[in-house]
Amino acid sequence: MADIKQSKVLIMAADGFEQSELLVPLQKLKAAGATVHVASPGKKAIKGWNEKDWGETVPADRAIADVSARDYDALVLPGGQINPDVLRLDEAAVKLVRDFAGAGKVVAAICHAPWLLIEAGIIKGRRA
């Protein structure tokens with residue numbers, strides 16, 4: 001098993017991500033020593049959803065369209081009802097999910113994020 005301190009993890013999200021589903025993995029992965037980047041459409045800061053209202057804003061390190069799966073070891077997809085629905089309409093986001101899966105890399109999809117896996121066509125025939 002690889003040392004987490006040598007790992008590079010990408011978190012991909014858009015406005016409306018479930019706040020805890022992005023911030024907790026981000027904090028835990030960084031605390032464990034992984035390099036973690038957040039990618040959003042257009043490299044724009046993204047606003048979370050916290051239970052019943054808008055939450056914190058998270059800066060993006062990368063634009064989704066500029067990211068390559070070959071530069072990372074794993075992909076984390078936070079849920080929320082808004083975020084994955086926005087991303088599944090973004091061709092670059094769907095392609096990135098396909099690229100991670102096609103390379104046999106870890107793809108973690110939380111809560112509603114499996115919508116992206118379905119959109120990318122990688123969930124068919126799998127048990128989730």
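This section reports on the structure supplied with the text. Just so it is clear, the model here is predicted, and its values are computed rather than measured.

Thoughts on the sheet that holds strand β2 (residues 17–18)
Taken in spatial order, the three strands line up as β2-β4-β5 in an open sheet, and their pairing is mixed. Each of the sheet's edge strands pairs with one partner strand only, and the pair in question is β2 and β5 (53–58). Bridge analysis of β2 against strand β4 (residues 46–50) gives two bridges, and the strand direction is parallel. Looking at β4, one finds that Phe17 is bridged to Gly48.

Notes on the packing of aromatic side chains
Here the structure, examined in full by the defined rule, presents one aromatic pair. Centroid distance Trp49 to Trp54: 5.0 Å. Interplanar angle 85 degrees. Geometry classified as edge-to-face. Relative accessible area serves as the criterion here: at 41%, Trp54 is assigned to the partly exposed category.

With respect to the sheet that holds strand β3 (residues 35–40)
Taken in spatial order, the five strands make up an open sheet running β6-β3-β1-β7-β8, and their pairing is parallel. Each having just a single partner strand, β6 (62–63) and β8 (106–109) make up the two edges of the open sheet. Bridge count for strand β1 (residues 8–12) against strand β7 (residues 74–77) is three bridges, and the pairing is parallel. Opposite Val9, over in β7, you have Ala74 as the bridge partner. In this fold helix α1 (residues 19–31) packs onto β1, β3 and β7, with an angle of close to 155 degrees to the strand it touches most, β3. Along the sheet face, helix α3 (residues 91–102) touches β1, β7 and β8 and points at about 150 degrees away from the line of β1.

With respect to the pairing of β3
Among the six residues of β3, five are classified as buried, and the element is accordingly described as predominantly covered. As judged from the five bridges shared by β1 and β3, these two strands associate in the parallel manner. For Met12, the partnering residue across the bridge sits in β3 and is Ala39. Of the pairings in the sheet, the one linking β3 to β6 comprises two bridges and is parallel in character.

Reading the values: the criteria
- Residues numbered from 1 in each chain as written.
- Predicted model: local features only at pLDDT ≥ 70, side-chain atom pairs only at ≥ 80, totals over all residues.
- Heavy atoms only, no water.
- Pairing = 2+ DSSP bridges.
- Helix = DSSP H or I, 4+ residues; strand = E, 2+ residues; numbered from the N terminus.
- Phe/Tyr/Trp six-rings, centres within 6.5 Å; stacked < 30°, edge-to-face > 60°.
- Buried < 20%, exposed > 50% of the residue type's maximum accessible area, 1.4 Å probe, protein only.
- Contact = heavy atoms within 4.5 Å.
- Axes fitted to C-alpha atoms, helices over the stretch in contact; angles between N-to-C directions.

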